[in-house]
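These are the residues of each chain, in order.
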Amino acid sequence: MQCFTQKLMSVALAGASIAAMAWTRPASAWDRGSVQTFAVLPQGAPKVEGLTVGNDGNVYISTFDPTGPAAPAHLFVFNDGGTLLREVTIANSSPATLGLGFNPVTHQLLVIDFGAGKVLNVNPHTGNSSVFMTVTGNSGLNALTFDQSGNVYVSDSFQGIIWKTGPHGGAGTVWKQDPLLTTTGTPPFGANGIAFNRARNAMFVANTGNDTLVQIAVSNVGGTLTAGAATVFTNSINGADGIIIDGNDNIWVAANQADEIVVVDPTGKAIAKLGDFNGVEGGVTRGLLFPASPAFSADGASLLVTNLELDLRSIGITQSVDSQWAGQVTRHSIARLPARIPPIGQ
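As a starting point, this report considers the structure included with it. (Residues numbered from 1 in each chain as written. Predicted model: local features only at pLDDT ≥ 70, side-chain atom pairs only at ≥ 80, totals over all residues. Heavy atoms only, no water.)

**Thoughts on the overall build of the chain**
Cut-off, in case you're wondering: The secondary structure listing takes helices from DSSP runs of H or I that are at least 4 residues long and strands from runs of E that are at least 2 residues long, numbered from the N terminus. Using C-alpha atoms as the atom set, the radius of gyration is obtained and then compared with a globule rule of 2.2 Å times the number of residues to the power 0.38. Burial here depends on accessible area, computed with a 1.4 Å probe over protein chains only, as a share of the maximum for the residue type. Under 20% is buried, over 50% is exposed, and the range in between is partly exposed. Two residues qualify as a contact provided that any one of their heavy atoms is within 4.5 Å of a heavy atom in the partner residue.
For the chain, the count of helices and strands is one helix and 27 strands. Taking 346 residues into account, the globule formula puts the C-alpha radius of gyration at 20 Å, and the chain, at 22 Å, falls close to it. Dimensions of the chain, computed from the C-alpha atoms along their principal axes, are close to 90 × 50 × 40 Å. Counting the 346 residues in the chain, one finds 53% classified as buried. Of the contacts formed within the chain by residues at least 6 apart in sequence, a portion of 51% connects residues at least 24 apart.

**Concerning the pairing of strand β10 (residues 141-146)**
In summary, the side chains of a regular strand alternate between the two faces of the sheet. The line we're drawing: Two strands form a pair only when DSSP identifies at least two bridges running between them.
The element β10 is extensively covered by neighbouring structure, given that six of its six residues are classed as buried. The sheet contact formed by β10 and strand β11 (residues 152-156) spans four bridges and is antiparallel. The residue of β11 that forms the bridge with Leu 144 is Val 154. Following β10, the chain reverses through five residues before pairing antiparallel with β11; Gly 150 in that reversal takes a positive phi of roughly 85°.

**Remarks on the layout of surface pockets**
Note the cut-off: Put plainly, a pocket is an open set of points on a 1 Å grid over the protein atoms alone with protein on both sides within 12 Å along at least five of seven lines, a cavity is a set where a 1.4 Å probe fits but cannot get out, and a lining residue has an atom within 4 Å of a point. Grid points are joined across faces, edges and corners, and a volume is the space filled by probe spheres set on the points. Amino acid classes used here: Ala, Val, Leu, Ile, Met, Phe, Trp, Tyr, Cys and Pro are nonpolar; Asp, Glu, Lys and Arg are charged; the rest, including Gly, are polar.
Here the largest pocket defines a volume of roughly 1100 Å³. In this structure, the largest pocket is lined by 41 residues; those nearest its centre are Thr 52, Leu 144, Thr 145, Phe 146 and Ile 244. Listing elements by their share of the lining of the largest pocket, those giving two or more residues are β2 (48-53), β6 (97-102), β10, β15 (191-196), β19 (240-245) and β25 (291-296). A breakdown of the residues in the lining of the largest pocket according to their chemical character gives 19 nonpolar, 15 polar and seven charged. Taken as a whole, the second largest pocket holds about 190 Å³ of empty space. Along its surface, the second largest pocket is lined by 17 residues, and Phe 64, Phe 189, Phe 290, Leu 308 and Leu 310 are the ones closest to its centre. Among the residues forming the lining of the second largest pocket, the class breakdown is 11 nonpolar, four polar and two charged.

**A word on the nonpolar core**
What counts, and what does not: The set of buried Ala, Val, Leu, Ile, Met, Phe, Trp, Tyr and Cys residues whose side-chain atoms join them within 4.5 Å is what this entry labels a nonpolar core.
Formed by 15 residues in total, the largest nonpolar core has its most connected members in Phe 204, Leu 213, Ile 237, Ile 243, Ile 251, Val 253 and Val 264. Only β16 (202-207), β19, β20 (251-255) and β21 (260-264) provide two or more residues apiece to this core. Look past the residues within four positions of Leu 213 in its chain and what remains in contact with it is Val 205, Ala 206, Thr 231, Val 232, Phe 233, Thr 234, Ile 237, Ile 243, Ile 251, Val 253 and Val 264.

**Digging into the sheet that holds strand β3 (residues 59-63)**
Filter applied, for reference: An axis is simply a line fitted to the C-alpha atoms; with a helix, the fit covers only the stretch in contact. Between two such axes, the angle follows the N-to-C directions and lies from 0 to 180 degrees.
Strand order in this open sheet of four strands is β2-β3-β4-β5, and the pairing throughout is antiparallel. Strands with a single pairing partner mark the edges of an open sheet, and in this sheet they are β2 and β5 (84-89). Adjacent strand axes in the sheet meet at a mean angle of 20°, parallel and antiparallel pairs treated alike. Taken together, the four bridges between β2 and β3 define a ladder with antiparallel strand orientation. Paired with Thr 52 across the strands is Tyr 60, a residue of β3.

**Looking at the sheet that holds β25**
Hydrogen bonding along the main chain pairs the strands of a sheet, whether they run parallel or antiparallel. Taking strand neighbours across the sheet as the criterion, the four strands line up as β1-β27-β26-β25 in an open arrangement whose pairing is antiparallel. Sheet topology places β1 (36-40) and β25 at the edges, where each strand pairs with a single neighbour. Neighbour to neighbour, the strand axes of the sheet diverge by 30° on average, direction disregarded. Relative to strand β27 (residues 333-338), strand β26 (residues 302-307) is paired through five bridges, and the arrangement is antiparallel. Paired with Leu 304 across the bridge in β27 is Arg 336.

**Focus on the pattern of salt bridges**
Applied cut-off: Whenever Lys or Arg places a side-chain nitrogen within 4 Å of a carboxyl oxygen from Asp or Glu, that contact is recorded as a salt bridge.
The full count for this structure, using the stated rule, is four salt bridges. The salt bridge involving Asp 249 is made with Arg 198; its shortest N-O contact spans 3.7 Å. Placement of Asp 249 in the loop between β19 and β20 and of Arg 198 in the loop between β15 and β16 is noted, with a sequence separation of 51 residues between them. Asp 249 sits in the buried class, given a relative accessible area of 17%. With a relative accessible area of 57%, Arg 198 lands in the exposed category. A salt bridge links Glu 281 to Arg 286; the shortest N-O distance between them is 3.4 Å. A relative accessible area of 53% places Glu 281 in the exposed class.

**Description of the pairing of strand β18 (residues 224-234)**
The sheet contact formed by strand β17 (residues 212-221) and β18 spans eight bridges and is antiparallel. Looking at β18, one finds that Asn 220 is bridged to Leu 225.

**Observations regarding empty space enclosed by the protein**
Remark: the empty space left among the atoms is shown by a probe the size of a water molecule rolled over them. Counted under the stated rule, the structure contains four cavities of 30 Å³ or more. In this structure, the largest cavity spans a volume of roughly 70 Å³. Taken together, Asn 256, Gln 257, Asp 259, Leu 289, Phe 290, Leu 310, Ser 320, Asp 322 and Ser 323 make up the full set of residues lining the largest cavity. Residue composition of the lining of the largest cavity, grouped by class: three nonpolar, four polar and two charged.

**Considering unusual backbone geometry**
Of note, the bond from Thr 186 into Pro 187 is cis; its omega dihedral lies within 30 degrees of zero at -10°. Tracing the backbone through its elements, the reader meets Pro 187 in the loop between β14 (173-177) and β15. You will see that Asp 211, though not glycine, has its phi angle at about 60°, which is positive. As for its position among the elements, Asp 211 is in the loop between β16 and β17. Positive phi is not limited to glycine here, since Phe 290 has a value of about 55°. Along the chain, the position of Phe 290 falls in the loop between β24 (284-287) and β25. You can call Phe 290 buried: its relative accessible area is 7%.

Structural data, given as C-alpha cells:
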C-alpha cells in the first residue's frame, strides 16, 4: 500500500511540474506591437475624434466636445513627423465634429458636424466652411467614405442609415437603411466607421453598440453603386468604431471599449490585436484610450489613431471599465502603431 501511495505522489508531482513548466513558458498569443505617441495637442484643446491623411502627407484632426462650451470645433494639421503646422477654427460649426476626409475627385475637405446634423466643406488653411450635405430626421452623422466617382457616403448612428450625395453635395438620400445598422447597446451608436472593399462589391460598417461589422452587398451598374442585403460579417469587436481597409482587404477596426485595434481578414477571422491601454503619464495617455479613427500614414508604414479619451458618464451613459481614467487626461493625443500584422504565436 505504501508503495502504491508513493507512486501516486510521484505521478502528482510530475503533473505539477508539467503544469509549472506550462505556466512559465513565454506567452504565445497576440503580438500587440509597439504603440507610440504620434502627437499631443496643446494644453486646453478639446478631445479629438476624426482623423484623415491628405495627399500632402499631412494629418488632419477634428475636435469633438459635445459637453463643452458652445464654440466652433477646431481643425489641427500635423506633418508626418507629428509636428503641429496649424490650428484653425471651423467656421459655422458646432463643438462636436466627427469623421472627415478629402474627396478623391474634388479634393474638398469634408467634415461631419455631428452636433448640427450636416456635413461641411472646410478650407483646410483658413477654416472657412460652407454646408455640403444635409439630411433629415434625428441624425447622428458619424463617418464618411467615397466611391470612384467622388460620391459621398455618410453613416448615421442614430437612424441606421447610410446617406449618399453627389461629389458636389446637396440633400442626402437614403442609400441603405437596415435594423443591423441600429443598436440598443452601449455606447448607443449604431452605424459608425464605413469603407468599401477593393472591388467595391461590399461596404463594411462598424456597429459600435452591437460590437459587429456589418457587410452590405454592392452591385455596380454603369458606375452607380447600389446597396443590397445587409448581413453580420463578424461579431464581438468591443465597441467597433472607425475602420480602414488595407490593400489585402483586411479590415482594421478601432475597438473603443477594448482599447485595441482588431484586424480581421476577408473571411472575418481575427488575425491581429494591436495596442492596449497602458495608463496615463503626465496627463497624456500611454497607448490607446477609447481609440476612434484610424488611418494609414502617407507612406503606409504607420497606423495613426485618435484617442477620444471619453468618459461615458459625461454624456449620461454607464461607465466602461476605463472611463474613470479619462478624467486624468489633460492633453489629448494621437497614437501611432506599425502598420504590419505580426504572426500569431503557436
